[in-house]
Amino acid sequence: MKTINLLLNIIGFITLLLSSLCQANITLYGRVNTALEFNNIESQRTDIKQRNASSRFGLKGQETIGFDHIIEFQIENGFDSTGTSSGKLANRETFIGINNNDGHWRIGTNELPSYTLFDATVTKFHDTGNASYLQTPNQSMSALGDIGSRISNSFIYKSPSLLNFNAALLFSDAHPMIAGTSVQKIIDGNIMYQNTTFTAGFGFRTYQDSTALQHNTLFIIATKYTIPYFLDISAAYERGDYRSTARQIDKLFLSTQYNYNAFAFIASAGLAGNVHYQGQSQPNTRAHQITFGFSYTFSKRTQLYMYFSQLRNQREASYQFLDNTQRGQSNQSLTFGIRHNF
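Residues numbered from 1 in each chain as written. Predicted model: local features only at pLDDT ≥ 70, side-chain atom pairs only at ≥ 80, totals over all residues. Heavy atoms only, no water.

## Topic: the nonpolar core
Here is the rule we go by: To form a nonpolar core, buried Ala, Val, Leu, Ile, Met, Phe, Trp, Tyr and Cys residues must be joined to one another through side-chain atoms within 4.5 Å. When accessible area is computed with a 1.4 Å probe and restricted to protein chains, residues below 20% of their type maximum are described as buried, those above 50% as exposed, and intermediate ones as partly exposed. Helix and strand assignments come from DSSP, with helices taken as H or I runs of at least 4 residues and strands as E runs of at least 2, each series counted from the N terminus.
Grouped together as the largest cluster of nonpolar side chains are 10 residues: Leu112, Tyr115, Ile151, Ile156, Leu170, Val183, Ile186, Tyr207, Leu218 and Tyr242. At the level of elements, strand E7 (150–158) and strand E9 (183–194) are the ones that each hand at least two residues to this core.

## Quick notes on the environment of alanine 267
How we decide: Two residues qualify as a contact provided that any one of their heavy atoms is within 4.5 Å of a heavy atom in the partner residue.
Here alanine 267 shows up in strand E14 (residues 263–272). According to the relative accessible area criterion, alanine 267 is partly exposed, its value standing at 23%. In sequence terms alanine 267 and tyrosine 307 are 40 residues apart; their C-alpha atoms lie 9.3 Å from each other. Once residues within four sequence positions are removed from consideration, alanine 267 is found in contact with Leu254, Ser255, Thr256, Thr291 and Phe292.

## With respect to the pairing of strand E4 (residues 69–78)
Under the convention used in this document: The pairing criterion is simple: DSSP has to find at least two bridges between the two strands.
Bridging between strand E3 (residues 56–66) and E4 involves 10 bridges; their strand directions are antiparallel. When the bridges of E4 are listed, phenylalanine 57 appears paired with asparagine 77. The antiparallel pairing of E3 with E4 creates a hairpin that spans two residues between the two strands, and phenylalanine 67 there sits at a positive phi of about 55°. Inspection of the sheet shows E4 paired to strand E5 (residues 94–100) by five bridges, in the antiparallel sense. Opposite isoleucine 71, over in E5, you have isoleucine 98 as the bridge partner.

If you want it as structure tokens, here you go:
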């Protein structure tokens, strides 16, 4: 009986999905992205595993309701392409909003504007690996990663483009437990300038740690120069002021991409300066990461990629892109993957 009910539910869902797709302006989209990784933490054995690299599928659509107003929505779900785990439905960017000549207003789970700026400028293997990322378990922080790339229970406004300038502002009053601490009253925004060859912008983030009753702030300045179909050069500077732990951290990200026919060659570096604790620089807390790789485009939807990434910590630093990294240990990873968009 349970099997019959399950089949009926599946048939009902497929019927509803197909009927929705028959309506105007509804799009089904997604990505399957799976990689084989050879990972090593200093003084430990090499770990070989398959990894889901941010696979997802979703529905998005819009409807004109008059007076130049458009209702827009998106429901996006991440899934594990290796089949080893499952996630919640609509666990990625999922929202409903209004779009008109004055901009976009959206409520739901939205991408943080500061991350949008970083993603638009720093050349990397998008949603694929840890190129240009430095992460430390003490702060649960990578590049703009102290909260993540998107946040639920949020409202965002995105301005229209004016003389190639645009801006975005997000507010979220509360958020579920993150990295063992309750984060609330998040304000995140950016101001960006974009044309066909040059992108630059400023981003910021502030939020309250309700455990320590302190506000943490983060600022980013980023830029990218593009020679179309040939070369990208980008850089970003990030400053994190974590009052809840009395620490300040500066990071610099550099990257370049060279395009040749169907190949793209990428090199990037992430540099983290000494941690400042209560205004004093802490020695031997620096780290740096380098990444080299390439991708080959079979078609407009399918890519094969490979990259090597190494992160080196000084004696008192514990940055990581692999779990269980201890202070002073280095990480390195060799990854082969394939990505298909639909």
